[in-house]
Amino acid sequence: MKRSLALATLLAAALHSQAFSQKSYGPGVTDTEIRIGQTVPYKGPLSALAIFGRVEAAYLRKINEAGGINGRKVTLISLDDAFSPPKTVEQTRKLVEDDGVLAIVGSIGTPTNLAIAKYLNANKVPQILILASSPKLHDPESLPWTTTFFMSQLVETSFYADYLLSSKPDAKVAVLYQNDDLGKGNLSAFRTALGAKAPAMIVGEAAYDVVDPTVDSQIVGLKASGADTLFHASSPKFAAQSIRKAHELGWKVEHILLSGVSDIPTVLRPAGLEASRGAVTARWVKALDDPTWADDPAVKDYLAFMKQWMPRETTDDPGTVLAYSTAQMIEEVLRRCGDDLSRGNLLKQATNVRDLRLPMFLPGVKVNISPNDRIPWRQARMARFDGTQWVYFGDLVGVPTSND
């Protein structure tokens, strides 16, 4: 009797183990492949952002050459949407309905990702690790299948508001913003962060559209406001134009730059390094021009990757570093899925990340994503451009979670 009971127990345990180890596949997954998709502006006025797609594709090629993820090669189908929301919808539908991808991963842009969020959530297709900052996408109740992988507008603008309120509380601030959810969202969040002082501090606002050839007229108008500070809720091309134009006009203004428009190769150098001197931003990835990281193993790994897999690309662009970190995050989430590559488990792994330290993130910056809180990280360091490089000042700054 005891022997029979023992055998029954062993059999039940074996069956339980077998059931637990059974493979579960969603669309786009086989024993040898994981197919994912994304949209990126490879053409158009914001084509500088295409670096994210190129880096992620190169990183996944590296992973595939080393054997893939849990024995499966990752196929990334990356389509051009020219940063046009209608085109994003068209291309995303193609990825889901024609190409049969498991998920949309790492797509770029705030207005473009907002345009597809309801469609993907209605069809329970994961929209994960997207490069977008709008708090509208941090909505687990309405958009449970969506996660971002960029500094939230609410978090980043609070850094700049705190900096101004503490260092120059009587500042007169002008705001240049992109006439979409990227610009409007950052302007709204910045106002909220300034609190009661916003009406007195913000003395001028000017919008532009991404199809505009220049923002020269907007800068002329903002200079007339008497502002001594210019907050850029913009994208790289227009940030470069506005810094250069302000300098040409002799407007002695302190530039407050969103992290996404603080890159030296794509913004400050085209604007003019001297014109950019004194600009302030927040950073959370290691800067390659900072001697602190000269012998850092993670930096050496990154440079080796760029040399082998992307030899024609610049290495000192923080956007490239963030794209590399995004690719590492894609790998991390897919590896955690094991053999359960269902859409539900992919979402589960993407929304259960606790205190993850990515190699190229600054010390103290941790990734935390939960089912109820989709803001990926809340820490950064403030930096000022000295005409050659970004120089950190102060300690790590951060915004607590709602649970803190």
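Residues numbered from 1 in each chain as written. Predicted model: local features only at pLDDT ≥ 70, side-chain atom pairs only at ≥ 80, totals over all residues. Heavy atoms only, no water.

### Concerning the overall build of the protein
Logical step 1: Each helix and strand in the protein was counted, giving 14 helices and 16 strands.
Logical step 2: At 23 Å, the protein has a C-alpha radius of gyration in line with the 22 Å of a compact globule built from 404 residues.
Logical step 3: Taking the principal axes of its C-alpha atoms as reference, the protein extends roughly 90 × 45 × 40 Å.
Logical step 4: By the burial criterion, 54% of the 404 residues in the protein qualify as buried. (Helix = DSSP H or I, 4+ residues; strand = E, 2+ residues; numbered from the N terminus. Rg over C-alpha atoms; globule rule 2.2 N^0.38 Å. Buried < 20%, exposed > 50% of the residue type's maximum accessible area, 1.4 Å probe, protein only.)

### Side note on the packing of helix α13 (residues 318-336) against helix α14 (residues 343-350)
Logical step 1: Their axes nearest at 9 Å, the elements α13 and α14 cross at an angle of 125 degrees. Between α13 and α14, the angle falls in the class oblique. The element α13 and its partner α14 pack so that their crossing is right-handed. Note on element contacts: α14 touches α13 through Leu-346, Gln-349 and Ala-350, opposite Val-333, Leu-334 and Arg-336.
Logical step 2: A class-by-class count of the residues in the contact of α13 with α14 yields four nonpolar, one polar and one charged. (Axes fitted to C-alpha atoms, helices over the stretch in contact; angles between N-to-C directions. Parallel < 35°, antiparallel > 145°, perpendicular 65-115°, else oblique. Left-handed = near helix turned anticlockwise from the far one by under 90°. Contact = heavy atoms within 4.5 Å. Nonpolar A, V, L, I, M, F, W, Y, C, P; charged D, E, K, R; others polar.)

### Remarks on the pattern of salt bridges
Logical step 1: In this structure the tally under the stated criterion is 17 salt bridges.
Logical step 2: When the shortest N-O distance is used, the salt bridge between Asp-228 and Lys-168 registers 4.0 Å. Taken together, the residues span a long stretch of sequence, with Asp-228 in the loop between α8 (216-223) and β9 (229-233) and Lys-168 in the loop between α5 (153-167) and β7 (173-178) at a distance of 60 residues.
Logical step 3: Here Arg-277 ties to Glu-274 by a salt bridge, and the two come within 2.9 Å at their closest N and O atoms.
Logical step 4: Classification of Glu-274 by relative accessible area gives partly exposed; the value is 49%.
Logical step 5: Each of the salt bridges in this network shares a partner with another, and the network as a whole consists of Lys-168, Asp-228 and Glu-254. (Salt bridge = Lys/Arg side-chain N within 4 Å of Asp/Glu carboxyl O.)

### Digging into the packing of helix α3 (residues 85-98) against helix α4 (residues 110-122)
Logical step 1: One way to put it is that α3 packs onto α4 with a least axis distance of 8 Å and a crossing angle of 40 degrees. Compared by their axis directions, α3 and α4 come out oblique. Crossing handedness for the pair α3 and α4: right-handed. Two secondary-structure elements touch here, α3 through Pro-85, Thr-88, Val-89, Thr-92, Arg-93, Val-96 and Glu-97 and α4 through Pro-111, Thr-112, Ala-115, Ile-116, Tyr-119 and Leu-120.

### Description of the confidence of the model for the protein
Logical step 1: Per-residue confidence for the protein gives a mean pLDDT of 92; residues scoring 70 or more make up 94%.
Logical step 2: Confidence drops under a pLDDT of 50 for residues 5-20, and excluding neighbours within four residues, the segment shows zero contacts in the predicted structure. (pLDDT = per-residue confidence, 0-100.)

### Quick look at the side chain of Arg-343
Logical step 1: Its location among the elements puts Arg-343 in helix α14.
Logical step 2: Glu-97 provides the closest opposite charge to the buried, salt-bridge-free Arg-343, at an N-O distance of 9.8 Å.
Logical step 3: Reaching out from Arg-343, the side chain makes a polar contact with the backbone oxygen of Leu-102 at a distance of 2.9 Å.
Logical step 4: If we ignore the near neighbours within four places in the chain, the residues touching Arg-343 are Pro-27, Val-101, Leu-102, Asn-123, Lys-124, Val-125, Pro-126 and Trp-145. (Lys, Arg positive; Asp, Glu negative; His and termini not counted. Polar contact = N/O pair within 3.5 Å; in protein donor to acceptor, adjacent residues only side chain to side chain.)

### A few points about the environment of Ser-234
Logical step 1: Position of Ser-234 relative to the elements: it lies in the loop between β9 and α9 (236-248).
Logical step 2: A relative accessible area of 4% means that Ser-234 is categorised as buried.
Logical step 3: Counting along the chain gives 47 residues from Ser-234 to Leu-187, while the straight-line C-alpha distance between them is 9.9 Å.
Logical step 4: Excluding its chain neighbours within four sequence positions, the residues that come into contact with Ser-234 are Leu-176, Gln-178, Leu-182, Tyr-208, Ala-239, Leu-258 and Val-261.

### Focus on the nonpolar core
Logical step 1: Counting 103 residues, the largest nonpolar core has Phe-190, Phe-361 and Val-367 as the members making the most contacts within it.
Logical step 2: Counting residues per element, this core draws most heavily on α13, which supplies nine residues.
Logical step 3: Setting aside residues no more than four positions away along its own chain, Phe-190 makes contact with Thr-157, Tyr-160, Ala-161, Leu-164, Val-173, Val-175, Ile-202 and Phe-231.
Logical step 4: Core analysis: the next-biggest nonpolar cluster, separate from the first, contains 13 residues, Ala-174, Leu-176, Ala-206 and Val-253 among them. (Core = buried A, V, L, I, M, F, W, Y, C linked by side-chain atoms within 4.5 Å.)

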